[in-house]
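Overview (structure and organization)
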Amino acid sequence: MRVVVNGQARELGNDATVASVVESVYGDHDGRGVAAALDGEVVPRGLWEWTGLSEGARVEIVVAVQGG
Amino acid sequence: MIEPLVIAGRHLRSRLILGTGGFVNHEVLAEALTASRAEICTVALRRLDPSSRGSILDVLEAAGVEVLPNTAGCFTARDAIITAQLAREAFETDWIKLEVIGDDKTLLPDAVELVAAAEALVDDRFVVLPYTTDDPILARRLEDVGCAAVMPLGSPIGSGMGIRNPYNISIMVEQAGVPVVLDAGVGTASDAAFAMELGCDAVLCASAISRAHDPVAMARSIRLAVEAGLLARSAGRIPRRRYAEASTPEEGLPVFDAPS
């Protein structure tokens, strides 16, 4: 299926979850300082593995950066 | 002895909050952080930049400072609310420096969106520290909806123009029931001292330190200025007068009339 991750189109398997997308973007990350939103709604870290994606889903994954 | 600052029940010895934006690398940030003696540092959330190395969280953790996430770059209440919720997930803190700006050129707060976002986030049990204009009425509205502090600008973010309307800042301080943190506009140490002399409870400073020629020296300088300003305020300044008032007694002044 086709989804948009951080503004870029990606082709993913039908079993893709928020967790698998985060891993594909960040590699083996401990998740600290990382957060994810699916279609404009925040997905709590504990639900990443259980939150499947559907065709056309828009995922935003953000990390801590300098600012403010 | 400097009294601790209390924001939402948290006691802080330092009156300087360090913004981490603009430092050329993590090493300079770490040194400036030590020199500033700040206990709280702001951070932002962005999509991963593949060229970035190391996490800023490692730097802040090593320095033992608390993270204050911001909503920098948000133009609407909706974006700011989602960003705050992302920050809560990413950093496991309910504290949020709420920024909702009106345009890219001035980075001035959008008052209408700001109050709407503040109200929603307070309802969602966030500790909301809003970046606001130097408008005492807006500050009151933000306090009324439950913000834990108000953070007026002295002048636009990164402008280094100091405090353009000290009278408004004074009015905000007089009427506020929550801490007032001067956020934005500090260009150098004297601006930070002035903010504290006006009655602000703390100063939040990023660009003045991070973009200084020597950020570590400026961090120390602004830390000392914040302490000096607070001390000067508690010491009680003399009133301003239009004419001179001699400090040397006139009594006992010798007379040098030439003999006639």
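Please refer to the structure placed before this passage.
An account of the accompanying structure is given in this report. Computed from a predicted model, the values in this text were never measured in an experiment. (Residues numbered from 1 in each chain as written. Chains lettered and ligands numbered in written order. Predicted model: local features only at pLDDT ≥ 70, side-chain atom pairs only at ≥ 80, totals over all residues. Heavy atoms only, no water.)

A few words now on the overall build of chain A. Within chain A one finds one helix and five strands. From first element to last, N terminus to C terminus, chain A shows the α and β order β-β-α-β-β-β. Here chain A has a C-alpha radius of gyration of 12 Å; the compact-globule value for 68 residues is 11 Å, and the two agree. In terms of its C-alpha atoms, chain A occupies a principal-axis envelope of roughly 35 × 20 × 20 Å. Taking the intrachain contacts of chain A between residues at least 6 apart in sequence as the baseline, contacts between residues at least 24 apart amount to 54%. Split by element, the accessible area of chain A, about 3500 Å² in all, is 47% carbon and sulfur. Computing the positive centroid from 5 side-chain charges and the negative centroid from 10, chain A places the two 6 Å apart. (Helix = DSSP H or I, 4+ residues; strand = E, 2+ residues; numbered from the N terminus. Rg over C-alpha atoms; globule rule 2.2 N^0.38 Å. Contact = heavy atoms within 4.5 Å. Areas by Shrake-Rupley, 256 points an atom, 1.4 Å probe, with all protein chains shown as cover. Lys, Arg positive; Asp, Glu negative; His and termini not counted. Charge placed at Lys NZ, Arg CZ, Asp CG, Glu CD.)

What follows concerns helix 5 (residues 136-144) of chain B. Residue and element names in this part refer to chain B. Inspection of helix 5 places P136, L138, A139 and L142 among the buried residues, and these make up the whole buried set. Around the axis of helix 5, the buried residues are gathered within 160° of arc, so they sit on the same side. In this structure, the buried side of helix 5 is in contact with helix 4 (111-123), strand 7 (127-132) and helix 6 (166-175). The opening residue of helix 5 is D135, an N-cap whose side-chain oxygen sits 2.8 Å from the backbone nitrogen of I137. Downstream of helix 5 by one or two residues, G146 has phi in the positive range, about 110°. (Buried < 20%, exposed > 50% of the residue type's maximum accessible area, 1.4 Å probe, protein only. Arc of directions from axis to C-beta. Polar contact = N/O pair within 3.5 Å; in protein donor to acceptor, adjacent residues only side chain to side chain.)

The subject of this paragraph is the nonpolar core. Core analysis: the biggest nonpolar cluster contains 73 residues, and F91(B), L98(B), V203(B), I209(B) and I222(B) have the highest contact counts within it. A per-element tally of this core places helix 3 (residues 77-91) of chain B first, with eight residues. When near neighbours in sequence (up to four residues on either side) are disregarded, L98(B) contacts T71(B), A80(B), L114(B), A117(B), A118(B), L121(B), V128(B), L129(B), P130(B) and Y131(B). Counting residues in hydrophobic clusters, the runner-up holds 20 residues, among them L12(A), A16(A), V22(A) and L53(A). (Core = buried A, V, L, I, M, F, W, Y, C linked by side-chain atoms within 4.5 Å.)

Here we take up unusual backbone geometry. Glycine aside, residues mostly have negative phi angles, and peptide bonds mostly take the trans form. Residues and elements named next belong to chain B. In the Ramachandran plot, R37 falls in the positive-phi region, its phi being about 55° despite a non-glycine side chain. With respect to the element layout, R37 can be found in the loop between helix 1 (26-36) and strand 4 (40-47). Take R37: its relative accessible area is 54%, and that puts it in the exposed class. For R125, which is not a glycine, the phi torsion comes out positive at approximately 65°. In this structure R125 comes out as exposed when scored by relative accessible area, which is 63%.

This brings us to the sheet that holds strand 8 (residues 151-152) of chain B. All names here are of chain B. One open sheet holds the three strands; their spatial order is 6-7-8, and the pairing between them is parallel. Each edge of the open sheet carries a strand with a single partner, namely strand 6 (95-98) and strand 8. Examined bridge by bridge, strand 6 and strand 7 share four bridges and lie parallel to one another. Residue pairing across strands places K97 opposite L129, the latter belonging to strand 7. The strands touched by helix 4 within the sheet are strand 6 and strand 7, with strand 7 carrying the most contacts at an inclination of about 170°. (Pairing = 2+ DSSP bridges. Axes fitted to C-alpha atoms, helices over the stretch in contact; angles between N-to-C directions.)

Let us look at the interface of chain A and chain B. Chain A puts 24 residues into the contact, and the matching count from chain B is 32 residues. A buried area of about 2100 Å², summed over both sides, lies between chain A and chain B, and 57% of it is on carbon and sulfur atoms. Taking the shortest distance from any N to any O, the salt bridge between E60(A) and R47(B) comes out at 2.6 Å. Between chain A and chain B we count 11 residue pairs in polar contact (both at pLDDT 80 or more) in total. At the level of elements, helix 1 (18-26), strand 3 (34-38), strand 4 (41-43) and strand 5 (58-66) of chain A are the ones that each hand at least two residues to the side of chain A that touches chain B. A total of seven residues in the side of chain A that touches chain B trace back to one element, the largest contributor, which is strand 5 of chain A. Direction of pairing for strand 5 of chain A relative to strand 4 of chain B: antiparallel, over a ladder of five bridges. (Buried area = accessible area lost by both parts, 1.4 Å probe. Salt bridge = Lys/Arg side-chain N within 4 Å of Asp/Glu carboxyl O.)

The next thing to look at is helix 1 of chain B. Because each turn of an α-helix spans 3.6 residues, side chains separated by three or four positions end up pointing in the same direction. Buried residues of helix 1 of chain B: H26(B), V28(B), L29(B), A32(B), L33(B), A35(B) and S36(B), and no others. Residues of helix 1 of chain B that are buried make contact with strand 5 of chain A together with strand 3 (16-19), strand 4, helix 2 (56-63), helix 8 (207-210) and helix 9 (215-235) of chain B. The opening residue of helix 1 of chain B is N25(B), an N-cap whose side-chain oxygen sits 3.0 Å from the backbone nitrogen of E27(B). Within two residues after helix 1 of chain B, R37(B) carries a phi angle of roughly 55°, on the positive side.

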